[in-house]
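# An overview of the molecular structure
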Amino acid sequence: MVHENERSGMLAGWPKLFGKPVYAAKNSKNASSDRHAKKSPEGSAKGTSNTFVPTATEGGIALYSPEFYMACAGGGVVSCGATHTAVTPLDVVKCNMQVDPKKYSSISKGFSTIIKEQGARGLLKGWAPTLVGYSFQGACKFGFYEYFKKYVN
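The model shown is predicted, which means the values in this text are computed figures rather than measured ones.

Scanning the chain from terminus to terminus reveals 6 helices and 0 strands. Helices (α) and strands (β) of the chain occur, in sequence order from the N terminus, as α-α-α-α-α-α. Within the chain, the proportion of its 153 residues that are buried is 25%. Counting contacts in the chain only where the partners sit at least 6 residues apart, residues at least 24 apart contribute 53% of the total. Counting every atom, the chain has about 10,400 Å² of accessible surface; 65% of that belongs to carbon and sulfur.

Rendered as structure tokens:
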């Protein structure tokens, strides 16, 4: 289990890498439940427009709201569905190498053989079910992770 002092140590490099830290919104409904927001150096909550991510009071998405879970699910769709669909040609070559290792002896030979015999479209076989399946899996993984995360800690 990670304690708060360990968590702040892990996130110490965040402002240097990605911009300014996210501060808790002043008088926000979620300010008490927002354990991950940092307090401003002045000691008071800060919710100005110069933060890296806009707070709920600035028109951003409130933590643990339905919009928050939809954004998480959307992130899962984009990250899982798009990336797995992008590597579909490599998966097609891999499957052909497993079925006929003599004909498809290497990855580069597999790509060239499929393009010669089936054209470039042959490399995209199965892209639609891959997109749908991994998009659903990513939406559930990211959305449910955020939903259940608040009950585990």
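And the narrative resumes.
Further remarks concern the environment of tryptophan 127. Here tryptophan 127 lies in helix 6 (residues 127–152). Along the backbone, tryptophan 127 and valine 92 are 35 residues apart, and their C-alpha atoms lie at a distance of 9.7 Å. Setting aside chain neighbours within four positions, we find tryptophan 127 in contact with Thr85 and Thr88.

Right, let's get into the nonpolar core. One finds Val92, Val93, Tyr104, Ile114 and Leu123 forming the largest nonpolar core, which totals 5 residues. Once residues within four sequence positions are removed from consideration, valine 93 is found in contact with Ile107, Gly110, Phe111, Ile114 and Leu123.

Helix 5 (residues 107–118) packs onto helix 4 (residues 88–99) with a crossing angle of 100° between their chain directions and a minimal axis gap of 9 Å. One finds that helix 4 runs roughly perpendicular with respect to helix 5. Within the contact between the two elements, helix 4 uses Pro89, Leu90, Val92, Val93, Asn96 and Met97 and helix 5 uses Ile107, Gly110, Phe111 and Ile114.

On to the packing of aromatic side chains, then. Scanning all chains against the criterion turns up 6 aromatic pairs. An angle of 65° between the planes, with centres 5.5 Å apart, marks the rings of phenylalanine 68 and tyrosine 69 as edge-to-face. For tyrosine 69, a relative accessible area of 16% translates into the label buried. Through a chain of ring-to-ring contacts, three or more aromatic side chains come together here, namely Tyr64, Phe68, Tyr69, Phe144, Tyr147, Phe148 and Tyr151.

Taken as a whole and assessed by the stated rule, the structure comprises 3 salt bridges. We note a salt bridge from lysine 103 to glutamate 117, for which the minimum N-O separation is 3.0 Å. Remark: glutamate 117 occurs in helix 5 and lysine 103 occurs in the loop between helix 4 and helix 5; sequence separation between them is 14 residues. Given the relative accessible area of 47%, glutamate 117 is considered partly exposed. The salt bridge partner of lysine 149 is glutamate 146, with a shortest N-O separation of 3.0 Å. Here glutamate 146 and lysine 149 lie together in helix 6, a separation of 3 residues that amounts to about one turn.

The next thing to look at is helix 6. Three or four residues apart is the spacing at which side chains of an α-helix point the same way, because the helix has 3.6 residues per turn. With 26 residues, helix 6 extends 36 Å between its outermost C-alpha atoms, agreeing within 8% with the 38 Å of an ideal straight helix rising 1.5 Å per residue. Of all the bends in helix 6, the largest measures some 25° and sits at glutamate 146. Every buried residue of helix 6 is accounted for by Thr130, Ser135, Gly138, Ala139, Gly143, Glu146 and Lys149. For helix 6, the elements touching its buried residues are helix 3 (66–86) and helix 4.

What counts and what doesn't
- Residues numbered from 1 in each chain as written.
- Predicted model: local features only at pLDDT ≥ 70, side-chain atom pairs only at ≥ 80, totals over all residues.
- Heavy atoms only, no water.
- Helix = DSSP H or I, 4+ residues; strand = E, 2+ residues; numbered from the N terminus.
- Buried < 20%, exposed > 50% of the residue type's maximum accessible area, 1.4 Å probe, protein only.
- Contact = heavy atoms within 4.5 Å.
- Areas by Shrake-Rupley, 256 points an atom, 1.4 Å probe, with all protein chains shown as cover.
- Core = buried A, V, L, I, M, F, W, Y, C linked by side-chain atoms within 4.5 Å.
- Axes fitted to C-alpha atoms, helices over the stretch in contact; angles between N-to-C directions.
- Parallel < 35°, antiparallel > 145°, perpendicular 65-115°, else oblique.
- Phe/Tyr/Trp six-rings, centres within 6.5 Å; stacked < 30°, edge-to-face > 60°.
- Salt bridge = Lys/Arg side-chain N within 4 Å of Asp/Glu carboxyl O.
- Expected span 1.5 Å × (residues − 1).
- Bend = angle between axes of the 7 residues up to and from the residue.

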